[in-house]
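Topology and contacts: notes
The chain contents come next:
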Amino acid sequence: MIVLDNITKKFGDFKAVDQVSYQVNKGDFFSLLGPNGAGKTTIIRMLMGFIQPTSGNITIKGISAAETRARKKIGYIAEQHMIPPYLSGFEYLFRHASLVGLSGRDARIEVERVVEVVSMSGKEKQKSSGYSKGMKQRIGFAAAILGNPELLILDEPVSGLDPIGIRDVRNIICDLKSRGVTIVLNSHLLSEVEKTCDTAAIIHKGRIVIKDSIASIMAHGESLEDLFIKLTQET
Amino acid sequence: MDQMRLKSFYLLLALSIGLLITMRGCYSSDYVINGQPVESIGYASRILFHAIIMGMLLMVSMISMTLFSRDQNDGSVYMFLSRPVKRWEYVLGRISGTWLLSAWFMLILHLTIFLIIWFRTNEISLAYLGASIICSLNLLFIIVAVCLFSLFIPNFISAILAIGLLCTGFVSDGGYKLLNSEMLTTLTHSVADPSIASWRIFYPKLFMVQAYADSLICRSKFVSIGPVHPLINICTFIVLLTLITLLIFNKKEI
Ligand SMILES: Nc1ncnc2c1ncn2[C@@H]1O[C@H](COP(=O)(O)OP(=O)(O)OP(=O)(O)O)[C@@H](O)[C@H]1O
Ligand SMILES: [Mg+2]
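Here goes a summary of the coordinates provided. Being a predicted model, the structure only gives us computed values, none of them experimental. Along each chain, residues carry numbers from 1 onward, in the same order as the chain's sequence is written. Both sets of labels track the order of writing: A upward for chains, 1 upward for ligands. Restriction of local features to residues with pLDDT of at least 70 applies here, the model being predicted, together with a cutoff of 80 or more for giving and counting side-chain atom pairs; totals for whole chains, interfaces and linings are based on all residues. Note: side-chain values were computed over all heavy atoms of the structure, leaving out hydrogens and water.

A word on the sheet that holds strand β6 (residues 74-77) of chain A. Residue and element names in this part refer to chain A. Spatially, β6-β7-β8-β3-β9-β10 is the arrangement adopted by the six strands of the open sheet, whose pairing is mixed. Each having just a single partner strand, β6 and β10 (207-213) make up the two edges of the open sheet. In this sheet, adjacent strand axes meet at a mean angle of 10° when their direction is disregarded. Strands are labelled as partners when DSSP assigns at least two bridges between them. Numbered from the N terminus, helices here are DSSP runs of H or I no shorter than four residues, and strands are runs of E no shorter than two. As paired elements, strand β3 (residues 29-33) and strand β8 (residues 182-186) share four bridges and run parallel to each other. In the strand pairing of β8, L32 is matched with N186. Note on definitions: a residue-residue contact is assigned when non-hydrogen atoms from the two residues lie within 4.5 Å. To define axes, lines are fitted to C-alpha atoms, for helices over the stretch in contact only, and angles between the resulting N-to-C directions are given on a 0 to 180 degree scale. Helix-sheet contacts for helix α8 (residues 224-233) involve β3, β9 (199-204) and β10, and the interaxial angle to β9 is about 30°.

It is worth spelling out the coordination of the magnesium ion (ligand 2) at this point. Residue and element names in this part refer to chain A. Metal donors: N, O and S atoms at distances within 2.8 Å, or within 3.2 Å for Na, K and Ca, with water omitted from the atom set so that some sites may seem incomplete. Coordination of the magnesium ion (ligand 2) by the protein involves T41 (OG1) and E79 (OE), with metal-donor separations of 1.8 to 2.2 Å. Highlighted residues: T41 in helix α1 (residues 40-47) and E79 in the loop between β6 and α2 (89-99), separated in sequence by 38 residues. Given the relative accessible area of 21%, T41 is considered partly exposed. Buried residues are those whose accessible area, probed at 1.4 Å on protein chains only, stays under 20% of the maximum for their type, while exposed residues exceed 50% and partly exposed ones sit between those limits.

All names here are of chain A. The interhelical angle for the contact between helix α4 (residues 133-145) and helix α5 (residues 163-178), taken along N-to-C directions, is 5°, at an axis separation of 12 Å. Relative to α5, the element α4 lies roughly parallel. Only G165, D168, V169, I172, I173 and L176 of α5 make contact with α4, whose side of the interface consists of R138, F141 and I145. For this classification, the nonpolar set comprises Ala, Val, Leu, Ile, Met, Phe, Trp, Tyr, Cys and Pro, the charged set comprises Asp, Glu, Lys and Arg, and every other residue, Gly included, is treated as polar. Considering only residue class, the contact of α4 with α5 consists of six nonpolar, one polar and two charged. When describing relative orientation, an angle under 35 degrees is termed roughly parallel and one over 145 degrees roughly antiparallel, while 65 to 115 degrees is termed roughly perpendicular and anything else oblique.

Attention now moves to the pattern of salt bridges. If charged atoms from side chains of opposite charge come close, those side chains can pair. Residues and elements named next belong to chain A. Salt-bridge detection follows one rule: a side-chain nitrogen of Lys or Arg within 4 Å of a carboxyl oxygen of Asp or Glu. Tallied over the full model, the rule gives 15 salt bridges over all chains. A salt bridge links D162 to R138, with the nearest nitrogen and oxygen atoms 3.2 Å apart. Taken together, the residues D162 in the loop between β7 (151-155) and α5 and R138 in helix α4 connect sequence positions 24 residues apart. Connected via shared salt-bridge partners are K15, D18 and R207.

All names here are of chain B. Along the polypeptide, S61 turns up in helix α3 (residues 43-65). Note on S61: relative accessible area 0%, which makes it buried. Whenever a nitrogen or oxygen atom comes within 3.5 Å of another N or O atom, the pair is scored as a polar contact, on the condition that within protein one atom can donate a hydrogen and the other can accept it, and that pairs from neighbouring residues in sequence are kept only if both atoms are in side chains. One polar contact links the side chain of S61 to the main-chain carbonyl oxygen of L58, over a distance of 2.7 Å. Once you skip the residues sitting within four places of it in the chain, S61 turns out to touch I142, V146, A159 and I163.

Looking now at the packing of aromatic side chains. All names here are of chain A. Aromatic rings from Phe, Tyr and Trp, taking only the six-membered ring of Trp, are treated as a pair when their centres fall within 6.5 Å; an angle between ring planes under 30 degrees marks them as stacked, one over 60 as edge-to-face, and anything in between as tilted. Throughout the structure, instances matching the rule amount to 13 aromatic pairs over all chains. Seen in terms of ring centroids, Y22 and F30 are 4.5 Å apart; in terms of plane orientation they differ by 20°. Their pairing is stacked. F30 matches Y22 in its accessibility class, with the two residues each being buried. With centroids separated by 5.5 Å and ring planes inclined at 75°, the aromatic side chains of F50 and Y76 adopt a geometry described as edge-to-face.

Have a look at this one:
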């Protein structure tokens, strides 16, 4: 589904991502872990085509990530999801629906469905400038799952969510995974990752320090947290 | 056209129309010289025609300087570009949205004057509206120019730069037009220096577009500067600047 081939991204002289290669298969639930500033968001932004790698190739279903076609069936939520303040949650989602090709009644039904899924019913008509951080994140998540995506790219989707919100998002993600959706997740919540993901990579200073299935990582007898601390603190 | 909060747009429009109506006494063609009314379309309404355009040019340069940066700050750009929307579609959508909105705004203001003239003198001057539409090309030029500049330099400076571009053209072409005006040439029996600097010939002809529109209104002969018609000049510039903007935005990191 996703292939990163020797990706390097420089900002000026600074290497934010350094020769990263990995592959995410269809239906996989892949998680990118790493300390603050490790380069996780940078990788996601390259996947979305917002920025271009300095060297290397990224393909999604065989199509270069820079191409518009690659984003046909992708749901995306940003680290701090921004919703234009002059739009209500409903209007925002409705725009997303039209951008994925839904219109009129179909669009409205789909928007109402995702609003319901993220428990924002009744608040979706309010202007988003009046939303709390968690409410914005919920609407962002609703936008990501709108229109049956085949691939979900989630950059810290639960940051700012209350425990119930976190549980809800976990349930939705697991439900989508069971329906064959491929998921790429950036997260700091290692316990969540342990519970839900298939494979994980830990990235440190732009380089992948370990990449394996959660099962074999756990087979070492260490918790993901111990491993994370060990790997990211020794260098 | 997300970028325009519609409410404030209508408020501004209503205010401007109100202003024009209260000023109606000043510019309807009641000027009488030697017992004969001066032209059916008064000078004052022509002056107002250009004043409105100048106001609009200032307004669009202020609006378009934040067109891209505001979208980035409030997340609109990610809304579009995280979906299968091509970057050029996004850029053209933003530019044309702003243009259509401002051209429509300007047309309504000109329409107000058109109606006032019509009620007062029973004279229908469709050329007045046609001229307004022609001059909306100037708005488009400024929008594209400011958008392009704002990709390189701070927003406010890009607006100032575009206005500077505009003023330079006005001084250059305005000066030329003044020297070539019938009154002066008949007075001095001289033609203005035919060897003008080539940059003045190829410079964006914003002033000449307005002069051309003006000549349509008062049905006078239009003298251009250089061999190229100002409409062709300005359209070429618009296409060129748009292409550069698209190329640069395509590579931009968002
Ligand atoms: N546009 C940019 N210009 C310069 N440096 C940047 C830019 N974007 C990111 N960086 C740098 O790249 C590095 C990686 O940033 P990135 O946002 O990918 O980290 P992250 O792993 O997502 O961290 P976090 O867990 O805090 O979200 C950081 O050191 C950051 O300062
Ligand atoms: Mg990040």
